[in-house]
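This is what each chain is made of:
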Amino acid sequence: MDVATPTATTFVNTTIVGDALPNLPWEDRPAGSGDVVWRYSGNPIIKRDAIPTSNSIFNSAVVPFKDGFAGVFRCDNKKREMNIYRGFSRDAIHWDLDHDPIDLTNDDPEVTGFVHRYDPRVCWIEDRYYVTWCNGYHGPTIGVAYTFDFETFYQLENAFLPYNRNGVLFPHKINDKYAMLSRPSDTGHTPFGDIFYSESPDMIHWGRHRFVMGTKPWTWQSTKIGAGPTPIETSEGWLLFYHGVLTSCNGFVYSFGAALLDLEQPWKVRYRTAPYLLSPQMLYECVGDVPNVVFPCAALVDAPSGRIAIYYGAADTVTGLAFGYIDEIIAFMKANSEV
């Protein structure tokens, strides 16, 4: 299909539900670029060796915290153990990461037993920060914990049976229930995968599962898809960034796009980008432990300006940052939608 680039007259006037974030990291679109999502010129913002024991740091989540930012980061160590680490930043670009993994608190060793923890997301809901991640428990499932202060992390029961990945919470209850997106999978690298919606009265018991969207044959999202950052509430719907994978003759290629979900019934997709928003094209995205990967896990939004900063893992090795305007992204989506 031909890709339509929105002009100023086609931009929607979107209301974003959220707070002002005047210290949002930002860099203007490069001169002459027509991209609706563009990379930070200083990428990667977190290199693979940012702490002494790390082999790679990627697929991580950040949120505003106090007068700066906090995050939960995937760090694979030099034994190649996958675990989650805490970090803080004043500007959301330069990060100080702990040298030891997060210590999760729960009285039941069946819950806290470590196999692996990776690909975290962080979401503020009501009065605390919830962390979800891919948790090793007889296969991959969705781990859930919460913290009030990024000092103590209380682990809850796993959300689902194995096998599942990419558990992404919505930032408030929908129809009086907590809500989560996930991607049922298998024990390996999963040559399939669609996005599903689930809800819970208490963040422990999950049900009322609904299909959201699946793959698109012979496109950048033909093999599997998975939810990325916390969905962003707008007057147009829930803005969801998600990764899509195609299987090339040389292996998986991870890109990312976006979809708009219905506000009251988020399993209903209103619009969805047919072209990707970002694909692996830079050296640090194409060369690394897993070549050809851009994998979004977090986004910061300044609601008044509509600016967004998207954090993504690159080549399963380092962390990158990209920017855009929500109005432009939604206009691009509407002009280039295939649901």
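Preceding this paragraph is the structure being described.
Now for a quick tour of the structure. (Residues numbered from 1 in each chain as written. Predicted model: local features only at pLDDT ≥ 70, side-chain atom pairs only at ≥ 80, totals over all residues. Heavy atoms only, no water.)

## So, the layout of surface pockets
Heads up, the rule is: In this analysis, the protein atoms alone were mapped onto a 1 Å grid. Cavities are point sets where a 1.4 Å probe fits without being able to get out; pockets are open sets with protein on both sides within 12 Å along at least five of seven lines; lining residues have an atom within 4 Å of a point. Grid points are joined across faces, edges and corners, and a volume is the space filled by probe spheres set on the points. Each helix is a run of DSSP H or I of at least 4 residues and each strand a run of E of at least 2, with the numbering of both proceeding from the N terminus. Gly counts as polar in this scheme, as do all residues outside two lists: the nonpolar Ala, Val, Leu, Ile, Met, Phe, Trp, Tyr, Cys and Pro, and the charged Asp, Glu, Lys and Arg.
By volume, the largest pocket is sized at about 730 Å³. At the level of elements, strand S2 (54–65), strand S7 (117–125), strand S16 (232–234) and strand S20 (294–302) are the ones that each hand at least two residues to the lining of the largest pocket. For the lining of the largest pocket, the element with the most residues is S20, which contributes five residues. Per-class residue counts for the lining of the largest pocket are 21 nonpolar, three polar and three charged. Looking at the second largest pocket, its volume works out to about 600 Å³. Forming the boundary of the second largest pocket are 26 residues, of which Arg-74, Tyr-118, His-189, Tyr-254 and Asp-316 lie nearest the centre. If you list the elements that add at least two residues to the lining of the second largest pocket, you get S2, strand S3 (68–77), S7, strand S11 (164–169) and strand S18 (251–261). For the lining of the second largest pocket, the residue count by class is nine nonpolar, eight polar and nine charged.

## A word on the state of the cysteines
Here is the rule: When the sulfur atoms of two cysteines come within 2.5 Å, that pair is taken as a disulfide.
Inspection of the entire model under this criterion finds zero disulfides. Unpaired in this structure, Cys-123 has its nearest cysteine sulfur neighbour in Cys-297, at a distance of 13 Å. Cys-286 provides the cysteine sulfur closest to Cys-249, a residue in no disulfide bond, and the two sulfurs are 14 Å apart.

## A few points about the pattern of salt bridges
Pairing is possible between side chains of opposite charge, provided their charged atoms come close. We apply this condition: Whenever Lys or Arg places a side-chain nitrogen within 4 Å of a carboxyl oxygen from Asp or Glu, that contact is recorded as a salt bridge. Accessibility here uses a 1.4 Å probe with only protein chains present; expressed as a share of the type maximum, an area under 20% marks a residue as buried, one over 50% as exposed, and anything in between as partly exposed.
Here the structure, examined in full by the defined rule, presents 14 salt bridges. A salt bridge links Lys-173 to Glu-126, with the nearest nitrogen and oxygen atoms 3.9 Å apart. Of the two residues, Lys-173 sits in the loop between S11 and strand S12 (178–184) while Glu-126 sits in the loop between S7 and strand S8 (128–136), which places them 47 residues apart along the sequence. Judged by its relative accessible area of 29%, Lys-173 is partly exposed. Of the charged contacts, one joins Glu-236 and Lys-334 as a salt bridge, the two residues approaching to 2.5 Å between their closest N and O atoms. With a gap of 98 residues between them, Glu-236 in the loop between S16 and strand S17 (237–248) and Lys-334 in helix H3 (residues 326–335) connect regions that are remote in the sequence. You can call Lys-334 partly exposed: its relative accessible area is 29%.

## A closer look at unusual backbone geometry
Where the residue is not glycine, phi is negative for most of them; where a peptide bond is considered, it is trans in most cases. Residues Asn-43 and Pro-44 are joined by a peptide bond in cis, for which omega reads -5°. Topologically, Pro-44 is positioned in the loop between strand S1 (37–39) and S2. Here the bond from Pro-162 into Tyr-163 is cis, since omega is 15°, no more than 30 degrees from zero. Note that Tyr-163 resides in the loop between strand S10 (153–155) and S11. One non-glycine residue, Arg-80, lies in positive phi territory at about 70°. Locating Arg-80 in the fold gives a position in the loop between S3 and strand S4 (82–89). On the accessibility criterion, Arg-80 (45% relative accessible area) is partly exposed.

## With respect to the sheet that holds strand S5 (residues 95–97)
Selection rule: By this definition, two strands are paired if DSSP reports at least two bridges between them. Helix axes use the C-alpha atoms of the stretch in contact, all axes being lines fitted to C-alpha atoms, and the angles between their N-to-C directions lie in the range 0 to 180 degrees.
Here four strands make up an open sheet; going across it, the order is S2-S3-S4-S5 and the pairing antiparallel. This sheet does not close on itself; its edge strands, each paired only once, are S2 and S5. In this sheet, neighbouring strand axes are inclined to one another by 30° on average, regardless of whether the strands run parallel or antiparallel.

## As for the pairing of S4
Among the eight residues in S4, six count as buried, and that is most of the element. In terms of strand pairing, S3 meets S4 through eight bridges, oriented antiparallel. Of the residues in S4, the one forming a bridge with Asp-76 is Met-82. What sits between the antiparallel neighbours S3 and S4 is a turn of four residues, in which Arg-80 has the positive phi angle 70°. Relative to S5, S4 is paired through three bridges, and the arrangement is antiparallel. Paired with Gly-87 across the strands is Leu-97, a residue of S5. In sequence, S4 turns back onto S5 through a hairpin of five residues, with Ala-92 there showing a positive phi of about 65°.

## Considerations on H3
The α-helix winds at 3.6 residues per turn, so residues separated by three or four positions along the chain end up facing the same way. For H3, the tally of buried residues reaches seven of ten residues, placing the bulk of the element in the interior. Looking at H3, one finds that the buried residues are Ile-326, Glu-328, Ile-329, Ile-330, Ala-331, Phe-332 and Met-333.

Keep in mind that these numbers describe shape and distance, not what the molecule does.
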